[in-house]
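Structural overview
Now for the letters of each chain:
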Amino acid sequence: TAEVLTIRDLRIHYSVREGFRKKTLKAVNGIDLSIKAGECLGLVGESGCGKSTLAGAIMGLVPITSGSVHVAGQDVPTAVKSDPLAQARNVQMVFQDPFASLNPRRSVREALAAPLRLHGVKDSAEVEARVIDMLAKVGMKPEAADRRPHEFSGGQRQRICIARALIVKPKLLVCDEPVSALDVSIRAQIINLLLELKDELGIALLMISHDLGVVEHMSDRIAVMYLGRIVEEGAWSDIFTHPLHPYTQALIASIPDPLAPTARQCRMQGEAPSPLNPPPGCAFNPRCPSAFDKCRVGDIPPFTISPGDRFHRARCHLLEQAK
Ligand code: SF4
Ligand code: MG
């Protein structure tokens, strides 16, 4: 299967003034990632780790410092300048807040028809047929087309946003915290809907969340991000059965257990350091229970555990020692 998203050594740095000093904020600091058609990659990390900046670069909204982002074989920064409509057909995004991203004065029909018209579907019978078909795909009745977004619940509104994103048939769908604003009781419905649509339409799916529990049930692979870097990446089953990085281990330990909600949870020590002042060496070292001298200097390369098709790799000195 072809790679729909290919990211190579991507860096997104900002120059920031702190008092009298100029500093470099390395929001994305050398990331490699790829997603194939029909595959879901879960990208997990705490807020401020650079996940949304990375999403912005994939959408072509955030300037790249170095490295590359390709969607459907197209270099994104080039595509955004030369053919923004083609870029928008290749990749679409679903955001956290379905209310803020829908115009309350427009009917659902108008919200879905507008992108179609923008992409050159002029025939009104075809527009109407595709709107109704897309609504059915997200589990909504044709009558919903006549109503306005505010008449719907949060979950229904997110279905409308998903329909609007998919109606132009993108090859990649980027979902940034798509269920974080929704009631816990309906999160699973939206996650299942995204999975069904991914399989039915054969799209590549990037699921971004601060909550490993959200991506657990839907991802083929998981990438764990910490302060601008991917610290661990592997197949879903490998990440959950033998997480290699102490940060991933702490994230897994902090997923609430629905059967024992009051059980004491293993919490991460302290806060994530500011990306403006990352500690030297492994950025996780101030919070890591296993940190030793070597962790406080230099760079940690990614160690690959199972090379080949199903690779599992992590940036941690413990893996080098285990070899
Ligand atoms: Fe902990 Fe050191 Fe591994 Fe970083 S490199 S996660 S500080 S053991
Ligand atoms: Mg974010």
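Residues numbered from 1 in each chain as written. Chains lettered and ligands numbered in written order. Predicted model: local features only at pLDDT ≥ 70, side-chain atom pairs only at ≥ 80, totals over all residues.

Going by the annotation in an unreviewed UniProt entry, the name recorded for the chain is Glutathione import ATP-binding protein GsiA, with Ensifer canadensis given as the source organism. Under the heading Sequence similarities (unreviewed entry), UniProt records this for the chain: "Belongs to the ABC transporter superfamily. Glutathione importer (TC 3.A.1.5.11) family." Listed under Subcellular location (unreviewed entry) in UniProt, the entry text for the chain is "Cell inner membrane". (UniProt positions renumbered as here; feature names shortened; annotations may be inferred.)

**Quick notes on the sheet that holds strand 1 (residues 3-18)**
Taken in spatial order, the 4 strands line up as 2-1-4-5 in an open sheet, and their pairing is antiparallel. Here the strands that pair on one side only, and so sit at the sheet edges, are strand 2 (21-36) and strand 5 (74-75). As paired elements, strand 4 (residues 66-71) and strand 5 share 2 bridges and run antiparallel to each other. Across the sheet, His70 pairs through a bridge with Asp75, a residue of strand 5. Against the sheet, helix 1 (residues 51-59) engages strand 1, strand 2 and strand 4, with an angle of about 65° to strand 2. (Pairing = 2+ DSSP bridges. Helix = DSSP H or I, 4+ residues; strand = E, 2+ residues; numbered from the N terminus. Contact = placed C-beta atoms within 7 Å. Axes fitted to C-alpha atoms, helices over the stretch in contact; angles between N-to-C directions.)

**Overview of the packing of helix 4 (residues 108-118) against helix 5 (residues 124-137)**
Running from amino to carboxyl end, helix 4 crosses helix 5 at an angle of 120°, the nearest separation of the two axes being 10 Å. Classified by the angle their axes make, helix 4 and helix 5 are oblique. Handedness of the crossing formed by helix 4 with helix 5: right-handed. Facing Arg109, Leu112, Ala113, Leu116 and Arg117 of helix 4, the residues of helix 5 in contact are Val127, Arg130, Val131 and Met134. Residue classes in the contact of helix 4 with helix 5 are distributed as 6 nonpolar, no polar and 3 charged. (Parallel < 35°, antiparallel > 145°, perpendicular 65-115°, else oblique. Left-handed = near helix turned anticlockwise from the far one by under 90°. Nonpolar A, V, L, I, M, F, W, Y, C, P; charged D, E, K, R; others polar.)

**Comments concerning the site of ligand 1**
In the vicinity of ligand 1 lie 13 residues, with Cys282, Asn285, Cys288, Cys295 and Cys316 positioned nearest. Residues of the shell around ligand 1, tallied by class, amount to 9 nonpolar, 4 polar and no charged. (Near = placed C-beta within 6 Å.)

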